[in-house]
Amino acid sequence: MTLLDELAAELAERTSAGLRRQRRVIQGPQAAEVVANGKRLLSFASNDYLGLANHPRLISAMQQATQAVGVGSGASHLITGHHVLHEELEQALARFVGLPAALLFSTGYMANMGVVAALMGRDDAVFADKLNHASLNDAVVLSRAEFKRYPHQDLAALESLLAASRARRKLVLVDAVFSMDGDIAPVPEILALCERYDAWLMLDDAHGFGVLGEHGAGILEHFNITSPRIIYMATLGKAAGVAGAFVAGEPVLIDYLLQQARTYIYTTASPAPLAAALLEALNVIRDEPQRRAHLRQLMSVLKTHTPRRWQWMPSATAIQPLLVGSNDEVLRLSEYLLTRGLLVPAIRPPTVPKGTARLRVSLSAAHSEQDVHTLINALREAEVVLESAA
Ligand code: PMP
């Protein structure tokens, strides 16, 4: 068997288990309605929670910056890729989340890998919620630190792991908002444990930034907390509508990361026009609080009007998972919704624990109330269709 035959056999196995991943080709703008594989669909699948990906002010900021500075940054940040637009964005992001300093990364995946591997090593231990995002798990493996995982949101288990640890440095690593559940980590309680056991706390606020807090500043504003122990990471390709990520915290931490984070140092800086669009995204998040209010209204419509047969998982964020349980049923439901012109992804194990297959509905300020009613009506009809097929 050649190497390629081996790969083909593995792919065939995936296909027969119904686990083959497929891409959709999107044409036209990223909006509530998208054209996917040539078909017009109402999408509940994007992380563009505030509807900024296609906002005229961001588009215009990016166009103007592109005219002025060109498209490529030409080098890494530490050579000649670091533009004044990146510098302004870092300062604006730090101010926005209420921390002293920030460092931009090209993606959230790279930020997580870069930070954990820079700070932690063989003599250290990382304590992580079992439902953390894959990029956080990969980051720990890369760092070679001892990896201690605790059951989802189980702070008693976290405390016993911290109490038993003899590691040199300790880092508690958590999603602030869990990406497949939409629930929020009890950050003040976790921070108290970090203080008791002298650990760092790294928060991945990919799904909270722009959404949580009165001004959209994310998890720290939501709980009104801050601490020099906090290493804050958020992505800029979700609510902020563009791409990239940043880490914020104490100036010493940020300076250290600039010296040591390999995913920062050894990669080309993202194009400066992206930074221009992101500076405008922060202005829009500030100037248009009605986007967050609208998002909250959509959550309440969804929860209030969905027939009782369907069970929403407890989530106060834009990620609203509908618990289905069986892999087959969630696939049939997602496929049925597709026939009705609705794009709602089915999430199955191993992405989520066995027996908890779900539809992951992502709401966005780009949706209208009517869009949400369209989804609710389709769920009402799915109830009848799926039961008669069963
Ligand atoms: N952390 C979390 C919780 C995420 O959901 C994601 C993206 N899905 C990332 C990190 C990675 O961010 P990016 O897409 O910018 O690489």
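What counts and how
- Residues numbered from 1 in each chain as written.
- Predicted model: local features only at pLDDT ≥ 70, side-chain atom pairs only at ≥ 80, totals over all residues.
- UniProt positions renumbered as here; feature names shortened; annotations may be inferred.
- Helix = DSSP H or I, 4+ residues; strand = E, 2+ residues; numbered from the N terminus.
- Contact = placed C-beta atoms within 7 Å.
- Pairing = 2+ DSSP bridges.
- Axes fitted to C-alpha atoms, helices over the stretch in contact; angles between N-to-C directions.
- Core = buried A, V, L, I, M, F, W, Y, C linked by C-beta atoms within 7 Å.
- Buried ≥ 20, exposed ≤ 12 C-beta atoms within 10 Å, placed from the backbone.
- Domains from an automatic or database assignment.

By the naming in an unreviewed UniProt entry, the protein chain is 8-amino-7-oxononanoate synthase, taken from Methylovorus glucosotrophus. The UniProt entry for the protein chain carries the following text under Catalytic activity (unreviewed entry): "6-carboxyhexanoyl-[ACP] + L-alanine + H(+) = (8S)-8-amino-7-oxononanoate + holo-[ACP] + CO2".

Draft legend 1. Spatial organisation of the environment of alanine 176. As for its placement among the helices and strands, alanine 176 is situated in the loop between strand 7 (170-175) and helix 8 (187-196). Along the chain, alanine 176 and tyrosine 232 lie 56 residues apart, while their C-alpha atoms are 9.6 Å from each other. Here alanine 176 is in contact with Ile184, Ala185, Val187, Leu203, Asp204, Asp205, Gly208 and Ile219, once residues within four sequence places are set aside.

Draft legend 2. Main features of the sheet that holds strand 6 (residues 146-150). Overall, mixed pairing links the 7 strands, which are arranged 4-10-9-8-7-5-6 in an open sheet. Where the open sheet ends on each side, the last strands, each with one partner, are strand 4 (101-105) and strand 6. Between one strand and the next, the sheet's axes are offset by a mean angle of 20 degrees, whatever the strand orientation. Sheet analysis places strand 5 (residues 125-129) next to strand 7, joined by 4 bridges and oriented parallel. If you follow alanine 125 over to strand 7, its bridge partner there is lysine 170. Against the sheet, helix 5 (residues 108-119) touches strand 4, strand 5, strand 7, strand 8 (200-204), strand 9 (230-235) and strand 10 (245-249), its axis set at about 160 degrees to strand 9. Contacts from helix 6 (residues 134-143) reach strand 5, strand 6, strand 7 and strand 8 within the one sheet, and its direction differs from that of strand 5 by about 165 degrees.

Draft legend 3. The arrangement of the UniProt feature "modified residue: N6-(pyridoxal phosphate)lysine" (unreviewed entry) in the protein chain in detail. Taking the UniProt record as the reference, the feature "modified residue: N6-(pyridoxal phosphate)lysine" (unreviewed entry) is found at Lys238. Within the fold, lysine 238 resides in the loop between strand 9 and strand 10. Lysine 238 has contacts with Asn47, Asp48, Tyr49, Ala206 and His207, leaving out every residue within four places of it along the chain.

Draft legend 4. Main features of the nonpolar core. Counting residues in each nonpolar core, the largest one holds 118 residues, and the members touching the most others are Val115, Leu201, Tyr232, Phe246 and Val247. Per element, the largest residue contribution to this core is 9 residues, and it comes from helix 12 (residues 272-287). When residues of this core are assigned to domains, at least three map to each of domain 1 (24-54 + 289-389) and domain 2 (56-287). When residues no more than four places from it in sequence are discounted, the contact partners of tyrosine 232 are Val97, Leu99, Leu203, Asp205, Leu220, Val247, Ala248 and Gly249.

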